[in-house]
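Reading the structure
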Amino acid sequence: REKTPSRDYAFEPMGLTADAQTEFAYGLTVKKNWFHFGMRAKVLGGLAKFNMYTDEINANLTVPGIWDVNGSGGAEFYMPKSFVIPTKGEIDSSTPANRANRLKFSEMTVDPKKFFPSGIGAGLDLGVGFDFGQYVSLYGGVNNLGVMAWFGGEKAVMPSSNWTSN
């Protein structure tokens, strides 16, 4: 392979968060001539939450098509206890990351008898509106004011390690 000038890249810490929840809500609307007010109270059930983060990623391209990468970070997820995802080994900062101790989503099992949400919470939506005639209205609102508590989470940490990708 031919040697190319080295290209080094460093990525600052970054993260990704995703969650899924269901809500049971009751709403109330009040309308007085030109003024509208609405409110919706919600009880939330957390179905799943996933956080992934990186502390650092350093990438170096020294040979065409070959990347040497060093990075560290981790992930945490909250799922109902009815979902069991084996890790094939515990992962912490003292364990070297390798294919043997990664999460094995392909071997996930489900026990519907143990289903219970992995988070609970409450929320409130508020809205107001003004009618300025037959054709002009102004509406505004604030959604999802509230709290959500997650429990029963699993955490996987990837300590600093090198790998090569092509």
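Before reading further, recall that the structure is shown in the block above.
Residues numbered from 1 in each chain as written. Predicted model: local features only at pLDDT ≥ 70, side-chain atom pairs only at ≥ 80, totals over all residues. Heavy atoms only, no water.

This paragraph deals with the environment of Arg 40. Secondary-structure assignment places Arg 40 in strand β3 (residues 35-63). For Arg 40, a relative accessible area of 35% translates into the label partly exposed. For the pair formed by Arg 40 and Gly 27, sequence separation is 13 residues and the distance between their alpha carbons is 4.0 Å. For Arg 40, the residues in contact, after removing those within four places along its chain, are Ala 25, Tyr 26, Gly 27, Gly 123, Leu 124 and Asp 125. A polar contact of 2.6 Å, which involves the side chain of Arg 40, links it to the side chain of Asp 125. (Helix = DSSP H or I, 4+ residues; strand = E, 2+ residues; numbered from the N terminus. Buried < 20%, exposed > 50% of the residue type's maximum accessible area, 1.4 Å probe, protein only. Contact = heavy atoms within 4.5 Å. Polar contact = N/O pair within 3.5 Å; in protein donor to acceptor, adjacent residues only side chain to side chain.)

Here the focus is the pattern of salt bridges. Within the structure shown, the criterion is met by three salt bridges. Two residues, Lys 42 and Glu 23, come together in a salt bridge whose shortest N-O distance is 3.6 Å. Pair noted here: Lys 42 is in strand β3 and Glu 23 is in strand β2 (residues 14-32), with a separation of 19 residues, a long-range link. Note on Lys 42: relative accessible area 5%, which makes it buried. Ionic pairing is found between Lys 42 and Asp 125, a salt bridge with its closest N-O pair at 3.1 Å. Of this pair, Lys 42 sits in strand β3 while Asp 125 sits in strand β7 (residues 119-131); the two residues are 83 residues apart in sequence, bridging distant segments of the chain. (Salt bridge = Lys/Arg side-chain N within 4 Å of Asp/Glu carboxyl O.)

Note that strand β1 (residues 7-11) and β3 share five bridges and pair antiparallel. By the bridge assignment, Arg 7 is partnered in β3 with Leu 61. Here β2 runs beside β3; their pairing, made up of 19 bridges, is antiparallel. Directly across from Thr 29, in β3, lies its bridge partner Gly 38. Turn length for the β2-β3 hairpin, with the two strands adjacent in sequence and antiparallel, is two residues, and the turn residue Asn 33 shows positive phi of about 50°. As paired strands, β3 and β7 are joined by twelve bridges and run antiparallel to one another. Following the sheet pairing, Gly 45 is matched in β7 by Ile 120. (Pairing = 2+ DSSP bridges.)

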